[in-house]
Amino acid sequence: MADKSWMLHPLAIRHARECIVIIKRDFDVTLKMSDPDFLEQLHEKAALGASRDLGKAYAKLVADAGVGKLVQALGSAPARPVVAAR
């Protein structure tokens, strides 16, 4: 189970919501903080680098929640297989 202690920080919640809005706008995907894979999905979208706004909001989330807490939460998720594109 992923560590959800970052959700106790009001600013982290605000930036997570901002990320959700940006992802909905830019990718037409609806994320929910209650989803067990929320951080993983958010990280995947932010890692794409397609949205500067998302990158900024995600960086603020990491800063407010604490890098260690988010990395720990990401690290506790089961590994997903990587499929090479042809």
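On a predicted model such as this, the values are computed, not experimentally measured, just so you know.

A. Broad picture of the environment of H15. Judged by its relative accessible area of 10%, H15 falls in the buried class. When the C-alpha positions of H15 and L54 are compared, they lie 9.8 Å apart, and in sequence the two are 39 residues distant. Those residues in contact with H15 that lie beyond four places of it in its chain are A57, K60, L61 and D64. Side chain to side chain, H15 and D64 meet in a polar contact 2.8 Å long.

B. Summary view of the confidence of the model for the protein chain. For the protein chain, the average pLDDT comes to 79, and 73% of its residues sit at 70 or higher. Of all secondary-structure elements in the protein chain, the lowest mean pLDDT belongs to helix α4 (residues 67–75), at 60, while helix α1 (residues 10–27) reaches the highest, 92. Taken together, the stretch residues 77–85 has pLDDT below 50 and engages in four contacts with residues farther than four places along the chain or on a different chain.

C. Representation of the packing of α1 against helix α2 (residues 38–47) in the model. Contact geometry for α1 and α2: axes closest at 11 Å, N-to-C directions at 55 degrees. As summarised for this structure, α1 and α2 are arranged oblique, according to the angle between their axes. For the pair α1 and α2, the crossing hand works out as left-handed. Contacts from A16, C19, I20, I23 and F27 of α1 reach α2 at F38, L42 and K45.

D. Inspection of the pattern of salt bridges at higher detail. Per the counting criterion, the structure on display carries three salt bridges. K24 is paired through a salt bridge with D28; the nearest N and O atoms lie 3.2 Å apart. Residue classification places K24 among the partly exposed positions, given a relative accessible area of 39%. Assessed through its relative accessible area of 58%, D28 is described here as exposed. In this structure, R25 engages D26 in a salt bridge whose closest nitrogen and oxygen atoms are separated by 2.8 Å. For D26, a relative accessible area of 36% puts it in the partly exposed group. The network of salt bridges with common partners includes R25, D26 and D53.

The rules behind the values
- Residues numbered from 1 in each chain as written.
- Predicted model: local features only at pLDDT ≥ 70, side-chain atom pairs only at ≥ 80, totals over all residues.
- Heavy atoms only, no water.
- Buried < 20%, exposed > 50% of the residue type's maximum accessible area, 1.4 Å probe, protein only.
- Contact = heavy atoms within 4.5 Å.
- Polar contact = N/O pair within 3.5 Å; in protein donor to acceptor, adjacent residues only side chain to side chain.
- pLDDT = per-residue confidence, 0-100.
- Helix = DSSP H or I, 4+ residues; strand = E, 2+ residues; numbered from the N terminus.
- Axes fitted to C-alpha atoms, helices over the stretch in contact; angles between N-to-C directions.
- Parallel < 35°, antiparallel > 145°, perpendicular 65-115°, else oblique.
- Left-handed = near helix turned anticlockwise from the far one by under 90°.
- Salt bridge = Lys/Arg side-chain N within 4 Å of Asp/Glu carboxyl O.

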